[in-house]
Structure formats: structure tokens, C-alpha cells
There are 2 protein chains.
Amino acid sequence: MAVGLLPPHDLLPIAGLRLAVAEGGVRYAGRRDLTLMTLAEGSEVVGVFTRNRFSAAPVVVAQRHLSAGTPVRALIINTGNANAGTGAAGLQAAEDSCRTVAAALGCAPESILPFSTGVIGEPVDLARKISATLPTLTARLDENHWEIAAAAIMTTDTIPKACSRQIDLDGQRVTITGMAKGSGMIRPDMATMLAYIGTDAALQGAALQQCLRDAMAQSFNRITVDGDTSTNDACILMATGQVLAQAVTQVDDPRYVPLCAAITEVAQFLAQAIVRDGEGASKFMPIHIAGGRSQEECLQVAYRMAHSPLIKTAFFASDPNWGRLLAAIGSAGVDDLEVNQVQVWLGDVRIVRDGARDPDYTEAAGQAVMAEEEIPVRVDLGRGTATATIWTCDLSYDYVRINADYRS
Amino acid sequence: MAVGLLPPHDLLPIAGLRLAVAEGGVRYAGRRDLTLMTLAEGSEVVGVFTRNRFSAAPVVVAQRHLSAGTPVRALIINTGNANAGTGAAGLQAAEDSCRTVAAALGCAPESILPFSTGVIGEPVDLARKISATLPTLTARLDENHWEIAAAAIMTTDTIPKACSRQIDLDGQRVTITGMAKGSGMIRPDMATMLAYIGTDAALQGAALQQCLRDAMAQSFNRITVDGDTSTNDACILMATGQVLAQAVTQVDDPRYVPLCAAITEVAQFLAQAIVRDGEGASKFMPIHIAGGRSQEECLQVAYRMAHSPLIKTAFFASDPNWGRLLAAIGSAGVDDLEVNQVQVWLGDVRIVRDGARDPDYTEAAGQAVMAEEEIPVRVDLGRGTATATIWTCDLSYDYVRINADYRS
């Protein structure tokens, strides 16, 4: 059960971006496991990918195709098999998949980006399955298929994740719609996470690149479920250029800030949705660190807390075990931290004042906050003006169950 | 249930080192929660302590007393309350505890080292409880009480941890006995772990200091259960000097190596025992990394694997999900790792050859290894000659249960 997350609704089409899903039989029969997205001519696409050295074959191929500079015409996504740890055969399968789609669409293989998610290290006969399913996929392409696509890209997700935003620019209505999948192996700098954000705005070149970086820094790179980093992560930003006569190409264009803010909002919704649907999650915790000397040390403390199994299990138990919070803060590697400057709040309840239990704190007040599904944790390090916020979830029996059972 | 670990037996007394336990009512009535250890004149004591910035009051006081240079005469250990996050009142409680013991033994307060373990952040009326229990404790002091002391210092431990070794030096029999507690909040550089190792050898000065460092580097600093670092950890090495007419004072003394090796052996047994009794542990995994450019990068890869909840849950499920192993190796921060040089074995079964699944690998072979309680994991990074070994355990339902229930 995702924490405070409803199924997507009222998703808005993006002019020039069509989607289709079909049952390709990649791992299980009768499951919609293939998704095709096509982009109108004139679209621009940028992406960021996992930094895992064992990056999956589709990641290698997608990066190669993106850097070739050929305009992207389509994305092909499969679930059921990550095509990772599959060596040369896996690379071949990813390349062949692109060739198959390219032939059907009449474009160069470099115009196709492949994505895979699912079990790692199993051989896969992808190209043949995609080839057999392509007629169905191309026949089904439609701008209104975001919702079924968001469902088709799920693996251990319990709920599809997608949303739309609109803003007015130059008197024109600009639309942004995004979808993402992922719930385990989630941590900053990408995870078992695929995210696709489309806009009909003409956002191009350096501005498009920078916008993806800016959005990531406030969304997918600020979440963690279990600290694991996957082999397959990717976040793709696609701008079809159907709206805005004059394109936004530079970050000093006055339209850049509102446009990128709206795109960041979609990315942040999707990133938080991934944490809310974290494997086994029953609690959602924004962790806000203030008073640091640098953003880096704020993030260091935040992730130390977010990765502590003792803290995560205490949140699962709705137990305001603030000693575990202090222990994590104290071992986050801020070597000259003055512990008597540290303040900690759960929601609006201050639990630690000047490095020790707040004299006014009561267990009843702490427990009232912990009983909630969403528990904001706020720490003031008392040594500077830098801040950082990340989002994480608890560690429950179900996390263990899901990950112990995943392959069986 | 600890993995492959039996209760201690045949513990050997250390001449000059007496122990006593009693029910002090620190947190619960009727529990042996106070342990006193006294040392004969001429003993030397060294210690290493947690690096957590929120180090507990007893850690601060013990370090202060050790650095004062006054010979240590006694150690007082309580369970039930960690006296951490307790501010000035906690420091006062630790100091008062030492004063109380010192008065009873007729020595300076600086001759007493205090240790606490248990819940963090609760106020504690330690000195009064110790004072009331001291007559019982002093009356019970006995060189043969290691076994009940090893039981008395436990918190979430399911089994006492202690062992003895003997070696012959200069034609004399030297004895080493050690005990430790700890099962959660365990990671390198100390954890919720208390360890006390005594020897009757005359091991002194620089040699004693170096021996503790050497032993730690091959034992307590090479284990992890959950990656959390506690506020209270300490490892104490005590040499009573009752054996060996001429003391070992320098590391170039030919007797240093065999003596320190035997002490390291005791430390390693205790460290591994802590992992075997890791909270909820059902599997014990030595992780051996070879072929690194430096020991540091070997440790980086080893801990990345040992801290991965996905790997830990896969081991719990006896599932040879080697993709998760590769994903952890690839995200360990060795940026120029050549993945096609990487080899991985589970026990004697090679699962990864040159960065991809070994063509000869079968699930049946992998599962046979995973069915064991002890599963050695071996990785060759193929880029150098450095090696490192650490020990860890799996992540089970019981880990969550224990830590979600701990305070309730």
C-alpha cells in the first residue's frame, strides 16, 4: 500500500507524443510488458542514467544512441527482464530491439532508445518478442495512453505513478505529463527507476539539458528507499515543440524559470510517489536538514538517517526512538559537529534541544506525530546556513518479504 | 538463534582479574544488569571507543579517565540504559558512578572506567543503584565469573559471547579470555558493542596499544550487521602482568607477534560471534574481496555489499540472486572498475565469470550453497593485489521485529 498516493487520473496528452502498450510475453504470459512511445519530428530528448558500473545493456545502448545526435523517434520499454549482467548477448539484444523498432518506423536504429526493468542477469530473447508484438504496438499508438503506460512499466510497484501540470507561457497553454516506475533499489543518483517526462513546449538545446539537471537535483536525486543503486535507471525528458512558436533554448530566457519549475514539480511528484510506494513502505518521511556549513554535509546527515535500518524500523513501529536519530546524526561523518548545538523535531514536536532530550518533550507528543503516515523530520545542525531535503520511507516486514520472495 | 554459535564453555580465569555480577534494577527488576571487574596492581589497560559525535556519557568519562594515566583498578558496566543523549546529567551520573566504586575500593575515581549499554536518551539514576549494589558486587568478585559476566552484559543478544586461548611464551603458559556483547547497531569503527579482553601476560606500553589496534583491524573493525554506529562502543584490552617476568613493551620484541596473534584470535572470535548473533541473523557471510588496487577499495566494495538490504534479504531467502551482488559491486564507488574483469564465487561455486553469469553456473549449484548457514562470498576485482575480508549477516523478518519492538 503506497503512503498517501492515489492512482493517476486526469493525465493530459502531450501533443506529438504517442504511447502504446501490449503483451509481449517477456517473462510472463498475459502481462502488458512492452511499452512504445513515439515522438513527432522536431522533438528533442535528453536523459540521465545510472552511474552503476554494471550498467545494463539498454542503458549502454540508450546513452550511445543519445550521444550520436540523431533525433530520437521512439522509446521501447520492457518489464520482466532488466537485460543487465547479460554480457555481449545482452548488448546484442538491446541493439537488435532498436533495429526492429527502427525498421517498423522507418528510421535509423540510433533514433530508438531501449529501456528494460526486471530481474537482473537472466538471458532474454527481447528482439524476437518485440518484433512479434510491434504490429500491435504501432496500431495502438495514441496520445491518451499515459495511464495504461504508467501501469505497464511497473515491476514491484503497487500503484502507477504519473501526473500532469499546465502553465501559461507567451499566452499559450503548455502541458507537462510524466510517469515513473520504481519502488526498491532506490537511492540518489538513480535507482531501479524509469521516469519519462514529456512536454509539448519547444524547450531545446542547453536549456533542455539544464532543466533536466535542475529537476533531478530536486527530485530523483533526493530520494532513497534502501540505499541500493540499480543497473538500469534512467530519467528521460522529451520536448515535442508543438507549443511555443519561439523555442526556449537558453537558461536566461525569462520563460525558462517558470517552465523548468513546472517540469521540476512533475519530477518531484514522481520521485515522492516512488518513495511513497517504496517496497513495504508504511510511512513517508521528508527529512529536512538545516544549519549546515554546506549542502553536502546536510545531505550526508540526511542520507545517514534515511539509510539507518534502526531508524527505519523505529518509524515502522511508530516509535519515537529519538536516541537512534541522534546516533545517526552523530555518526554521519561531520567530524567537528558540536552536539549541543543540535535540535531535532518530529513534525512540530521538538524532541531534542541543544543535543539532549527537550525537557518539554513528552512521549505522548512524540507518539502522536509517529502515528501519522507522513512524518516530517527536521534537524538543525546549528553551524551554518545550508539546507537540504530528501524523502524516504520506513523499513517493514513487507520490505523483507517482497525482496526475499522476488524471484521465487 | 545465533548462526553456528554455542554458549561459551571452558572459559579460563585470568590471574589478577576478578568479576562479579548482580541485580541492580537499572531498568528492570530481577535482571543481572551490573558487572564489576577489578584488576590487580600492575595491570595495564588500553581502550578504543566509538567515533560517534553523540558519544555516551560513560564513553566520555572512560576516555578521560584512561588518558589521565592513573592505573585502572576497576570497570563498572551496566545494561538497561546507555546513558547516551542524556546531557550534563548523564555525565554527572557516570562520574558519580566512578566515585561510588572508587570509594568502595579505596582508589581514585580516575581509576574506574564506566560502561553503559541499553536504551538511548532515557535519564538514569545510575550512581544510586550502583551504590546500593556494590556490597553484593564486591563480595562476589571471583576470577572464575567470566561466563556469568558474559551473560550479564547482553542486551538484545541471544547468546553470551566469550572464549579463551592459551599460548606458551618463554616456557610459561599465557592465557587470554575475552567477552563481548552486541548484535544490532553494528558496523566498523565500533558499534553497540562492548568487548573486554584480558590476559595475564605482562604486555605493556606501546606494545599493548599497538596490539589492540592490530587486533581491532582484523576483528571488530571488520564486521557489520546493519551499518549503524552506536554511541557507546568500547573495546578494552587488559593485561594483568601476572605471567612473563620480563614484560613485552615493544612491538619488535619477538614475543609480540605470537602474543598479539593469540589476542587477535580472541577478538576475531568475539567479533564474528557478534555477527553470528546479529539481530535476526539466520546466515553468516564472510565477504572476501581480492584483486583490488588498495585495501581501502576492497573494503569499500565489501561494505557496499554487506550493507545492501537487497543482498541481505536475498541471503535470508537463500536466493542466489547474483544480479544484486553485481549491482552492489558496480555502485561501490570504484569509478574505473572494469566490469568484465570481475569474478564472483558463492562458496566454491563461481557465479560470475568476466562480469557476466558464468556459462557453467547452474541455479541448482547456487542454491546448494545458499542453503547453508555459512555462505562465503568471494569477489575478484581483477585490478590489483590488495585484499580484505569482512563478516556480515542477512536481513530477516526478525531484524525488523526486534528493532520495531525494542522499546515497547
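Residues numbered from 1 in each chain as written. Chains lettered and ligands numbered in written order. Predicted model: local features only at pLDDT ≥ 70, side-chain atom pairs only at ≥ 80, totals over all residues. Heavy atoms only, no water.

What about the sheet that holds strand β7 (residues 172-181) of chain B?
All names here are of chain B. Note the threshold: At least two DSSP bridges between two strands are needed for those strands to be called paired. Only runs of H or I of at least four residues qualify as helices and only runs of E of at least two qualify as strands under DSSP, and these elements are numbered from the N terminus. Here the axes come from fitting lines to C-alpha atoms, over the contacting stretch only for helices, and the angles between their N-to-C directions go from 0 to 180 degrees. Contacts were defined at the residue level, with two residues in contact if any of their heavy atoms lie within 4.5 Å.
Reading across the sheet, the five strands line up as β3-β10-β8-β7-β6 and stay open at both edges, with mixed pairing between neighbours. The outermost strands of the open sheet, each flanked by one partner alone, are β3 (44-49) and β6 (161-169). Sheet twist, expressed as the average angle between the axes of neighbouring strands with direction ignored, equals 15°. By the bridge criterion, nine bridges tie β6 to β7 in an arrangement that is antiparallel. For Cys163, the partnering residue across the bridge sits in β7 and is Gly178. Relative to the sheet, helix α5 (residues 205-217) contacts β3, β8 (194-203) and β10 (234-248), its axis offset from that of β3 by approximately 35°. Its contacts with the sheet place helix α6 (residues 256-276) against β6, β7, β8 and β10, and it is angled at close to 165° to β6.

Digging into the domain arrangement of chain A
Residue and element names in this part refer to chain A. The test is simple: Where each domain begins and ends follows an automated or database-derived domain assignment. Put simply, buried area is the surface a 1.4 Å probe can reach on two separate parts but cannot reach once they are joined, added for both. Salt bridges are identified by distance alone: a Lys or Arg side-chain nitrogen within 4 Å of an Asp or Glu carboxyl oxygen. Definition of a polar contact: a pair of N or O atoms within 3.5 Å, with one able to donate and the other able to accept a hydrogen when the atoms are protein atoms, and with sequence-neighbouring residues admitted only if both atoms are side-chain atoms. Amino acids outside the nonpolar list (Ala, Val, Leu, Ile, Met, Phe, Trp, Tyr, Cys, Pro) and the charged list (Asp, Glu, Lys, Arg) are all regarded as polar, and Gly is one of them.
Here chain A is described as being made up of domain 1 (17-276) and domain 2 (284-405). Relative placement of domain 1 and domain 2: their C-alpha centres are 33 Å apart. Of the roughly 1300 Å² buried at the junction of domain 1 and domain 2 (both faces included), carbon and sulfur atoms supply 59%. In terms of surface lost to domain 2, no three residues of domain 1 exceed Arg222, Thr224 and Arg276, which account for 45% of the buried area on that side. Inspection of the region where domain 1 meets domain 2 yields one salt bridge. We note a salt bridge from Glu374 to Arg276, for which the minimum N-O separation is 2.6 Å. Counting across the domain 1 and domain 2 interface gives three residue pairs in polar contact (both at pLDDT 80 or more). For the side of domain 1 that touches domain 2, the elements supplying multiple residues, two or more each, are β9 (223-224) and α6 (256-276). Of all the elements, α6 adds the most residues to the side of domain 1 that touches domain 2, at four residues. Split by residue class, the side of domain 1 that touches domain 2 holds four nonpolar, eight polar and four charged.

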